[in-house]
Amino acid sequence: MKTSNPVLARLGQAAERERAAGYAQPGPYGQPGYPQQYPPQQPYPGGYGQPVAPPAVTPMTLDDVVVKTVLMLAMLGASAAAAWVLVPDALVGVAWIGAAVVGLVLGLIISFSRMANPALVVAYSIVEGVFVGMVSKAFETLYDGIVLQAVAASFGVFFLMAMIYKARIIRATPKFARIMVAIIAGLFGVMLVNLVLALFGVNTHLRDGSPLAIGFSLVCIVVASLSFVLNFAQIEEGVRMGLPQRYAWTAAFGIVVGLVWLYIEILRLLSYFQGDD
């Protein structure tokens, strides 16, 4: 099945290469899970002369993605809790920045990789958990109860977007996908420039609680929420394309990235309305 999504196109090519190497989806009987016979019969290395089929690649299912997403969130949550408890207050800033840099590098490697790598995804979950834990600890120290509010709001938005997508109120058309990718890239560039300027003492007012900062956070929250539409569409299309089961880790990675971004932006937005205590 052809797809206009460049990420899925790349993953689909990887799946096609696996099929060409002797894996099949669907099989010769038209059912998923049956291997094609390339060649029809293969003797055992020991010379027994018995036919043997090449191993079948289990296709990715929606349940696989759900399980992997829950596992990633569990690892992220455990890592965040451990970092919150174990990292001294004096080292919160260092751990925050270090985890952010390592998480960004791992995220870029996973995003641009042509093959699903569960080990990298697991490592990303743990590192990102440290980042989330340190950010949450810093905000909770200043504003009591803000973390629970942000967590509840983030998952509320996620499930709302899942229902909106299921009802097909918003469709991930090729044009929608192109616009979303361009906007996300633009926001990422703006945030990167803002960070660099902040290191040199330049205040762009994007993160200081000003009306501009509130507007920017609202834009980020809307875009992060809409990014789930792309995730859901990619998962559906990946299942239809018969991607191997391990690509469920890649699909789960996309959801977790969106959830973390949404959580951080909601956390920031809530902090703007807490006042100076």
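See the structure printed just above.
Residues numbered from 1 in each chain as written. Predicted model: local features only at pLDDT ≥ 70, side-chain atom pairs only at ≥ 80, totals over all residues. Heavy atoms only, no water.

(A) Highlighting the overall build of the protein. Scanning the protein for helices and strands turns up eight helices and zero strands. Order of helices (α) and strands (β) in the protein, N terminus to C terminus: α-α-α-α-α-α-α-α. Burial statistics for the protein: of 277 residues in total, 41% are counted as buried. Nonlocal contacts in the protein, meaning residues at least 24 apart in sequence, comprise 79% of its contacts between residues at least 6 apart. Accessible surface for the protein amounts to roughly 14,900 Å². Of this, 70% is attributable to carbon and sulfur atoms. (Helix = DSSP H or I, 4+ residues; strand = E, 2+ residues; numbered from the N terminus. Buried < 20%, exposed > 50% of the residue type's maximum accessible area, 1.4 Å probe, protein only. Contact = heavy atoms within 4.5 Å. Areas by Shrake-Rupley, 256 points an atom, 1.4 Å probe, with all protein chains shown as cover.)

(B) Representation of the side chain of Lys-68 in the model. Mapped onto the fold, Lys-68 is located in helix α2 (residues 62-86). Despite its burial, Lys-68 pairs with no opposite charge; the closest candidate is Asp-64, at 4.6 Å N-O. Contact partners of Lys-68, with chain neighbours within four places excluded, come to Ala-248, Trp-249 and Ala-252. (Lys, Arg positive; Asp, Glu negative; His and termini not counted. Salt bridge = Lys/Arg side-chain N within 4 Å of Asp/Glu carboxyl O.)

(C) Fine view of a nonpolar patch on the surface. A contiguous nonpolar patch, built from Leu-104, Leu-108, Phe-112, Phe-188, Leu-192, Val-193, Leu-195, Val-196, Leu-197, Leu-199, Phe-200 and Val-202 and spanning about 1,200 Å² of accessible area, is present on the exposed surface. Put simply, the parts of the chain that give the nonpolar patch at least two residues each are α3 (92-112) and α6 (174-199). With seven residues, α6 is the largest single contributor of residues to the nonpolar patch. With respect to the helices and strands, the residue Leu-197 is situated in helix α6. Taking the relative accessible area as the measure of exposure, Leu-197 reaches 31% and is therefore partly exposed. (Patch = residues over 30% accessible without salt bridge, like charges linked within 9 Å, V, L, I, M, F, W, Y side chains within 5 Å.)

(D) Up close: helix α8 (residues 247-272). In a regular helix each residue adds 1.5 Å, so 26 residues correspond to 38 Å; α8 covers 39 Å between its end C-alpha atoms and thus fits that length. With 23 of its 26 residues buried, α8 lies for the most part within the structure. (Expected span 1.5 Å × (residues − 1).)

(E) Summary view of the nonpolar core. Judged by nonpolar contacts, the single largest core of 60 residues is most densely connected at Val-65, Met-72, Phe-228, Tyr-263 and Leu-267. Those elements giving two or more residues to this core turn out to be α2, α3, α4 (118-142), α5 (146-166), α6, α7 (211-241) and α8. Among the elements that line this core, the one with the most residues is α8, at 18 residues. In contact with Val-65, not counting residues within four places along its chain, are Met-60, Ile-235, Ala-248, Ala-251, Ala-252 and Ile-255. Among the nonpolar cores identified, the runner-up in size contains five residues, and Ala-83, Val-87, Val-92 and Met-134 belong to it. (Core = buried A, V, L, I, M, F, W, Y, C linked by side-chain atoms within 4.5 Å.)

(F) Layout of unusual backbone geometry. One non-glycine residue with positive phi stands out, namely Arg-168, at about 60°. Tracing the chain through its elements places Arg-168 in the loop between α5 and α6. At His-205, a residue that is not glycine, the phi angle is positive and equals roughly 65°. Mapping His-205 onto the fold places it in the loop between α6 and α7. On the basis of relative accessible area, His-205 is assigned to the partly exposed category, the value being 39%.

(G) Broad picture of the environment of Lys-137. When you line up the elements, Lys-137 lands in helix α4. For Lys-137, a relative accessible area of 11% translates into the label buried. Remark: the alpha-carbon pair of Lys-137 and Val-92, spanning 45 residues in sequence, is separated by 8.2 Å. Residues contacting Lys-137, with those up to four places away along its chain left out, are Trp-84, Val-87, Asp-89 and Val-92. From its side chain, Lys-137 meets the backbone oxygen of Trp-84 in a polar contact 3.0 Å long. A distance of 3.0 Å separates the side chain of Lys-137 from the side chain of Asp-89, its partner in a polar contact. (Polar contact = N/O pair within 3.5 Å; in protein donor to acceptor, adjacent residues only side chain to side chain.)

(H) The packing of aromatic side chains, seen in detail. In this structure the tally under the stated criterion is six aromatic pairs. Measuring from centroid to centroid gives 5.6 Å for Tyr-165 and Phe-232, while their planes differ by 50°, and the two rings are tilted. Of this pair, Tyr-165 sits in helix α5 while Phe-232 sits in helix α7, and the two are 67 residues apart along the sequence. One exposure class covers both Tyr-165 and Phe-232, and it is buried. Within the aromatic cluster, the residues linked to one another by ring pairs are Phe-158, Phe-159, Tyr-165, Phe-228 and Phe-232. It is Arg-168 that lies over the ring of Tyr-165; its NZ or CZ is 4.7 Å from the centre. (Phe/Tyr/Trp six-rings, centres within 6.5 Å; stacked < 30°, edge-to-face > 60°. Lys NZ or Arg CZ within 6 Å of the ring centre and 35° of its normal.)

These values are about where atoms sit, not about what they do.
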